[in-house]
Every structure is written in structure tokens, then in C-alpha cells.
Amino acid sequence: MTAPALDELIAGAVALEKWPLARLVRLFEDARPEAVPGKAAAIAALETHGALPRAMVAGFTGTPGSGKSTLVGELAARMVARDPAISVAVLAIDPSSYRSGGSILGDRTRVHFPIGERRLYFRSQPSDRELGGIGRATYPVVRVLERLFDYVFVETVGIGQSEVEVERLADRVYLVLQPLGGDHIQFMKAGIMEVPHAFILNKCDVGAAARRSYHALRASIDFARPGEASPPPIFRTSALSGEGLDDVLADLVAHRTLRDAAGRRERDRYFFEKWVRDEYGRFGLDLLERQGGAEGLLARAATFEAAQAAYRPPVAPPG
Amino acid sequence: MNSPNDPGQAPAERLPHRLYDADGNPTKDRPWIFRTYAGHSSAAASNALYRKNLAAGQTGLSVAFDLPTQTGYSSDHPLALPEVGKVGVPINTIDDMHQLFEGIPLAEMNTSMTINATAMWLLALYIGVARERGEDVRKLQGTTQNDIIKEYLARGTYIFPPEASLRLIAEMYEYCLDNLPKWNASNICSYHLQEAGATPVQELAFALANAIGVLDTIRERGVVPADRFPEVVGRISFFVNSGIRFIEEMCKMRAFVELWDEITRDRYGVTDPKLRLFRYGVQVNSLGLTEQQPENNAWRILIEALGVTLSRKARCRALQLPAWNEALSLPRPWDQQWSLRLQQILAYETDLLEYPDIFDGSVVIESKVEELKRQAREEIARIEAMGGIRAAVESGYLKSQLVRSMSERVSKINSGELVIVGVNRWTDGLPSPLLTGEDGGIFKVDEAETRRTLEALAAVKAKRDPARVQAALKALEAAARSGANLMEPSIECALARVTTGEWADTLRGVFGEYRPPTGVEGQRLYVDSDRVAEVRRRAEEFVRRTGHRPRIVVGKPGLDGHSNGAEVIAVAARHCGFDVVYSGIRLTPEEIVQSAVEEAADVVGLSILSGSHLDLTRQVIEGLRAAGAGDSIPVIVGGIIPRDDHEALRALGVRQVFTPADFDLADVMSRIMDVVEEQAGVRAR
């Protein structure tokens, strides 16, 4: 992309025009090594336009069927509707087929979004055959969106393994569950009780089962996380009726604390090493150590993308 | 099913192949009710059509409503405008209903209304017309289709979530029991399940499980006293499809009769055999009607009619036949007349109605029926184990089963295992003279009629009493919240000249709107693997060249809810290595544009079956242009698109047009890949 074309693209994206924004996101989804310089240039241009990281990144994870998609969509729509100064981006991740590599990104079916509202941007993303609930393009795209929006909601695939990655990515993690049969052993078996900052028991429109599940979940958390000074909140919601959604919104607002510099450095280091491992494997990691490690490269470069551009990979890049 | 000619009861001189009346005199059966599914443009135009059809010897009415009426929007709603009068008649207020039945005495007519989410409203309007005319409401006879389950599964004109929808159905049964004793409040409709791909066993099992769901709901509510519950059971009627495999279809009907007798006796303890009768109407299969060599459809329709008339024990109560050119467009009056003549010849010229059941004692038929019954019982047991029909819908189980059956059907057509004359065998034919008339053999809706409908709506709004309207809507809302029966408040709304949109919006405000699980989960495709591999290879090459996977947005603009075609394409595209943004049904063009733009789609695929393809496509293309993506995101269109309109679509900028003739999925995907590659300026081959 030529410099004037890039500048026009960035100006449009900063103004939250949807088509430039969508193209900018596509640039950051491009995992090819030859895309790295373009990404570094785009981030530099964003900084020139004053688009510095400002968003709270909220991760929403949970089992399929918990109603995550509807919930996250409703939260985003309500967030922009109730405060005209706030903007929200949603990044919804769906699994890719191992056989064909293709995917069905169906989360848009769940909610009717307002038309032409620039402060609300919804983007689907395939997991790209990755385990871990987020795709290899997720972090690069979050790095763009967090400079343009006040909140970035990341909805993960939710297959059990995803929580670790989401914890690295998000400032606050919500685990979305649906009412179970009322047996707290079932919650325990899920084995995902340690990570989340807060729990959302969705589909609470189903009545008695929801009440029983609430108490079972409370008991499970106490059991799984003994000795925590303040136990994590459990929100009871119904994305259908709207019940409880305002409480989650209030929680998001209350925790809109930006990561400090050390937190950002740690997040960059983690995803830089992940990037090297994903693209160049163990040998790539060895080379990274010889080039000063992720921390060394990141310290010398202006941005994450510039560090990627500075990294010298093992051989001519594959593909 | 005792009749005077049953063996054992017949006096010695009676012959087993003759029919006798109660006095022992030879007789013949009365014909079934002849109907034609009809309605279009406006209430006035449809009324003229009904009167013509009745004069031609039709004996009942079957009303087709347009999509806005079916989904609870008045004609002046933005989502409604392109669809007004397209696939049926628009009904906004009781005055439209007066117009629709002008000159037709309601108490003497048997009227079937294909209406579901707004069934209560249309029945309220019908009752309102009878009341204002001074006709005896208790004499009203007919059916409101009112089967919400198959709307969720196949047809898509639902509005409310399942619990509220089932409540509306139950309340109509409860109301009709005393007030309209001859009215079928709902009609378990397996017709659309077959259209969506159901096998005979699935059609049997899903329809019967559905009927069980309705009856269980009514029984659990406890409004109908236990001693009158058998009357409710006796009001359950069915609407069945009849396909081209007519022996199996006939056996399916016999299986229906026997299973229903069993269920009503064993599950509901109904002792009166009359209340256990399987009462059903039929529309024969439209799915198998072909766009290629459309004249062949006349034979298909005849054969399909035999499946539901040959066996006396399982003969339909009412029959409506599609027209030979239904795969091309709405039928013209002459096409409908031709279909009606088929019924009249079958009933009056042939000896069909002179015999008792001609299959009794056939070892082959009995064995086939037993097999269908056994398999259907197993499937019903599976659904029951899941928690019944509602749970099986909400979990997506039924939908995924249907989509799988449909995929299997499509792949059998692809492989040639399923022969369709003129489609995958004997495809070279002489041009049909039936298509060479001045109108090209197809029907076009007169656009001026839409204006008349809108003017009529505006006129009613101007002259009605606003205070009465407000009071009626308030009472409706209060009843919806309190759980009181909504029929009387709806009738008052009708009399107050409330509009269709106002009635539905009031209930939307209380019940919310339903967003269903789609059929894209768990779907499998059975397509030619070599050619799929080739498209996949091109997709991988595309990823290498552009840095992203080809991305298609599949959307259905407008109110037409037949989502299966779009879903098959969505799944095929994933199978071929696309990222597919499936954004569901009932979308405005603006919503599809927003999806395509936000997702940076490489191509937008629109699926349109309602006839509004020109309007809707134009709006999408203009929307993309306005967003700055007009030159970047190509548009393709699939659906029932008359050949004459292909050029018009291309002139709008559409890059590919797909019709039911494009049944070969590998070919469809390859052509979509062509568009994507061309747009991106990369060529894999």
C-alpha cells in the first residue's frame, strides 16, 4: 500500500467508517511474513493519528449453548445505546473445520444490530484450526481495535482450553454458563473455575433450574477457590428478556482500568513468543533467544509489529 | 373406521368390491374438497380470483397470504414494502378481509388459511367479518394452519418464541371448542418438512410428535375440562405432502392413519373412533417440480395426487394441487384451472370413488406400512426422550436431521442415483410451446396493486376511532401479560380496525422475538469429492496469494423464510474452504450490507425465493456502493429467478445468478470461486 493510500485508510478507520476499518482489520488478519511491514506501518500511522491503546478488553468464554453470542451482542448494543460517548468492538471467534479449513461464522445471526452506528463494530473471526479458543489473528486484530474503541469484547470458541489464552489477552474474563441440573459437581467437572474474574449464569429465564444452578455455582466457586478475599461475582442474566444485563454493563464500566505498562509488556512478550512458535516452531524460538529474546526485541522496537519486522526468522519463510 | 361394507358386517348378497350406504344400497363416495392455494396482489384481485375458481367448480378456498401478513408487518413497514402482494394477499385490517370475501358467504364456505405466527389475528379478522355481516359465527368451517414448529424448522415465518407461540395455539383451541366448533384451530403441517428434505419416516415421526406436543400443551394447561379433551383431540387435523414415490407415499398415509389411531387411543384415552380419525388435507409436492422441461410437472402432479386418493382408508379430506409452472413463477388463472380439472377428472370421470379400500389384504402394502410405522415409532421415542418436540426444535436436532436428509437428496441427484427426468437424465428436449405465449407462460404481479393496498390502509387509519384502537391494543397487551385468552381481545382489535402490524407489535413487546438455531450445525454434504478438492485447492491458493481465506456473506433479505437453500450453500462453502458469515433470515438489505462491509467479505450471496429479487438486490448493491465497497464486494444471487430477470440482475451488477437448475453444488462453488478470484485479481488456474 502506498503511503497516501495507507493514510487515507487510517483516517477512515480512526473516524470509525466501517469499510476502511474492515480493510484495516483484514490487514492484521494476514499472517504471512510479508504482511509484517505493512502492519508495522499501519500501527505507526495509527499512532500518528493519536490512536493509542485505550480500550478495556473483555473476554467472554463459556461452553457452546450457553447463549454467549446473543449475550455479547446484546451487551454491546446496550452499551452504545445508553452512553453516546462510548464505542464498542466485538470480535467473535468461531471454530474452523480441520478438514477444509473453512468455517461458519454464525454469531451475527443472534442479534439485530443498529444500522450505520459507527460506535459499534462487529467482526467475526475463524479460529483457523487453532486450539485455545482464540485464533492466531486475534491478538493482532485486538491491537488495532483497542486503539479505536473504548471496549473490545472478545467472544471465544469456548471448548474448555480457551481460558488460558483469554486470560492473557483480556483485562477481565467472564465465564458464561447456562443453568445445569443443579448439581455443583457438574460445574466442578468443567475444570474452568479458577480463571474468570466473574461468572455469568445466562438463560436465567428458565426459572427454578436457574435458582438451583446459582447456588450450586456459588458452592463450586467457594470450593474451587478457597481463601479468596472477595469471591468473584455471579451475574444472573437472560439475553432474551434483558434481565441482569445492566448489572454486567455496570461491572464492565467499574473495571475499566487500563493495563499498566508492565502488564502491556508482559502481554506483548507472551503473544510475541506465541507468534514465533506458531510461525517458526522450536527452531524459531531458539533463534529468538539468540536475538535477545522477545523482551529484548520488544524493548528495542517501537511497537509489537516493529519487533516482528525486526525478528530474523530461520529460513526463507514458508509459503 | 367401520363402514357398512366391512367384511363380517356385510349381508350375504353384498359384494366386497362394492360400496353400500347405511340402507344397504350401492353407493359411491363423495369427492374430497377441491382447493387451489391462491392469493396475490391485493384483497380485491384475490377476491376476483376466488370467485372465478369457485365458478369453475372449486369447492373450498385456500388463502395464500403475503409475507408481511404472515410475519406481522403492515404493508407500509420498510421490511414489508418489497414483498406486498408477492406470494399471497396482503391483509392489513378487517376492511381488507371484507374485501377478500366479498360475495362469498362465510358460513357456507370451507376456508383454509395458510397462516401461522399471526393465525390468531387472521381468525379474529375472519370472525370479525362474520360478526359485522351478521353471519352465524358458530357455522364457520375451515382451518388456520397455525403450526409454529414447522415454521421454526422449515418455513421461517415465526415471530414469537416457542412458549408464547404454543400458548397462542392452545388458546385458539380453547376458544374454538365452544365458539367455532367446526374450526380446525391448527393443522399439523408436515408438508413443509418434506419440502425441507424429510424422508417419509421423518415426516411421520415429526408430524406426530408435533401433534403430541400441541395436545400435551393443551392438556397441561388444564383449561379444557378432562371430559371434553377428546373433542380437542378430534379437532387436530394434518396437512401432508405427497411426493413422486407414490406407492411409498400411499403407505405413508396408511401409516399415519394407523399410528394416529394408536396414539389417540393409548396416549389420550379417546374411546370414540370418530374422534380418532386422521383428518388431513394435501398439497402435493412442489420440491420435485422442475424448472427444466416444466411441462413434465403436469404428470408429476397427477401421480402425486394418486398417492393420497387411491387408498380409501387413507384418502385426503381436501386436496390442492400446484400448477405445472410453479417452479417458474406464481401460477396464472389458466394454470390453476388446469390443475383443478385434474381433480375433477379424477373424482368424476374415473371409478375411483366406487370402491372400498383396494389395498386391504395386500401383503406388500401391509409390510411396507408396518416398516414405516416401526421406524416412525422409534424416531418418536427418540424425540420423546429428548423432552418432546419443543426440546428437539430448540436443541437444533430436528433441523439438523432435515438438513442432512436434504443434503443426501441433493447429492443423490448430483450422482444420478436419483433420476429426475429433464434434470439429470434426458435433459435435451424440444422447446415447450407452453412457454411461448405472450406472457412467456408466467405470471407477473401488477405493481399498481401495491399502491391500492397502501391507499386502503391509509384510508382505514384516517377514518377509524383512535380511542377505540388504543383501548383495544391496551386490552390485548394486558391479556398477554396476565395470561388471559387473547381471542376476544384480538377480535375487538379487529373490529376497532387495528392493523396487522399493530397487533403483532403489541405482542412482540410482551413476548419478544425468536431467533432460532440454524440448520448449519451438524450438516453434512455428499458431493463429488474430486471437484470439491479442486475448489479447496483454489481456496488454499487464494489464502497464499491474498493472506486471507475467501470469505462469503450468505444472507436472505426480505421476509421469505425458506432458509434451506441458503444453508446448503453456507455449508457447501465451508466444505470448500470458505469462511462463511451466515447472517440468517429476515434481514433488511441494510443489515446484509453492514455484515458484508464490517466483515470485509470477498463476495455476498443473496438467496431470494419471494419474487422480490430485483428490488432487494438493487438495494444491496446500492448499499454497498454507499459504504464505499461497491467496487470491492461482488454480489451473487440465488433463488427462484425467472430467466427474463437474469439479464436485469446482471445489469444491476450481479456477477452470477443461480436457480434451482443449478443443483450441482460443486459446480456452484466453482463458479463462486471464479467470482472471488476475479475480484481479487488472482487466478489459481
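How each quantity is defined
Residues numbered from 1 in each chain as written. Chains lettered and ligands numbered in written order. Predicted model: local features only at pLDDT ≥ 70, side-chain atom pairs only at ≥ 80, totals over all residues. Heavy atoms only, no water. Domains from an automatic or database assignment. Contact = heavy atoms within 4.5 Å. Buried area = accessible area lost by both parts, 1.4 Å probe. Salt bridge = Lys/Arg side-chain N within 4 Å of Asp/Glu carboxyl O. Helix = DSSP H or I, 4+ residues; strand = E, 2+ residues; numbered from the N terminus. Nonpolar A, V, L, I, M, F, W, Y, C, P; charged D, E, K, R; others polar. Disulfide = S-S within 2.5 Å. Buried < 20%, exposed > 50% of the residue type's maximum accessible area, 1.4 Å probe, protein only. Pairing = 2+ DSSP bridges. Axes fitted to C-alpha atoms, helices over the stretch in contact; angles between N-to-C directions. Parallel < 35°, antiparallel > 145°, perpendicular 65-115°, else oblique. Left-handed = near helix turned anticlockwise from the far one by under 90°.

Asker: Now, about the domain arrangement of chain A: what can you tell me, with residues and values included?
Answerer: Size of an interface: often given as the accessible area lost when the parts come together. Residue and element names in this part refer to chain A. Annotation of chain A at the domain level lists domain 1 (1-52), domain 2 (53-259) and domain 3 (263-310). On the domain 3 side, the residues contacting the twelve residues of domain 2 number 14 residues. Across the interface of domain 2 and domain 3, roughly 1,300 Å² is buried in total on both sides, 46% from carbon and sulfur atoms. Note that E146 is salt-bridged to R264, the shortest N-O span being 3.1 Å. Looking at the side of domain 2 that touches domain 3, the elements that each hand over two or more residues are α5 (138-148) and α6 (162-169). Tallied by class, the residues present in the side of domain 2 that touches domain 3 amount to five nonpolar, no polar and seven charged.

Asker: Run through the state of the cysteines, naming residues and quoting values.
Answerer: Throughout this description, disulfide means a covalent bond between two cysteine sulfur atoms. Residue and element names in this part refer to chain B. A full pass over the atoms with the stated rule returns zero disulfides over all chains. No disulfide involves C176; its nearest neighbouring cysteine sulfur is the one of C493, lying 17 Å away. Its relative accessible area of 4% is what places C176 among the buried residues.

Asker: Before we move on, could you go through the pairing of strand β6 (residues 172-177) of chain A and cite the residues and values that matter?
Answerer: If a strand is regular, its side chains alternate between the two faces of the sheet. All names here are of chain A. Burial of β6 is extensive: six of the six residues sit out of reach of the surface. On β6, burial covers both faces: R172, Y174 and V176 on one face and V173, L175 and L177 on the other are all buried. Summarising the sheet, strand β1 (residues 56-62) and β6 pair through five bridges and their orientation is parallel. Looking at β6, one finds that A58 is bridged to R172. With four bridges joining them, β6 and strand β7 (residues 198-201) adopt parallel strand pairing. Paired with V176 across the two strands is I200, which belongs to β7.

Asker: Can you explain the packing of helix α4 (residues 119-133) of chain B against helix α18 (residues 487-495) of chain B? Please cite residues and give values.
Answerer: All names here are of chain B. Direction vectors running N to C along α4 and α18 enclose 60°, while the axes themselves pass 8 Å from each other. For the element pair α4 / α18, the angle class is oblique. As α4 runs across α18, the sense of the crossing is right-handed. Two secondary-structure elements touch here, α4 through M120, W121, L123, A124, L125, I127, G128, R131 and E132 and α18 through M487, E488, S490, I491, C493, A494 and L495.

Asker: Go over unusual backbone geometry with me, naming the residues and quoting the values.
Answerer: Glycine aside, negative phi is the norm for most residues, and most peptide bonds take the trans geometry. The backbone of L16(A) sits at a positive phi, close to 60°, despite the residue not being glycine. As for its position among the elements, L16(A) is in the loop between α1 (3-14) and α2 (18-29). Unlike most non-glycine residues, S41(B) shows phi in positive territory, near 65°. Secondary-structure assignment places S41(B) in the loop between β2 (37-38) and α1 (43-55).

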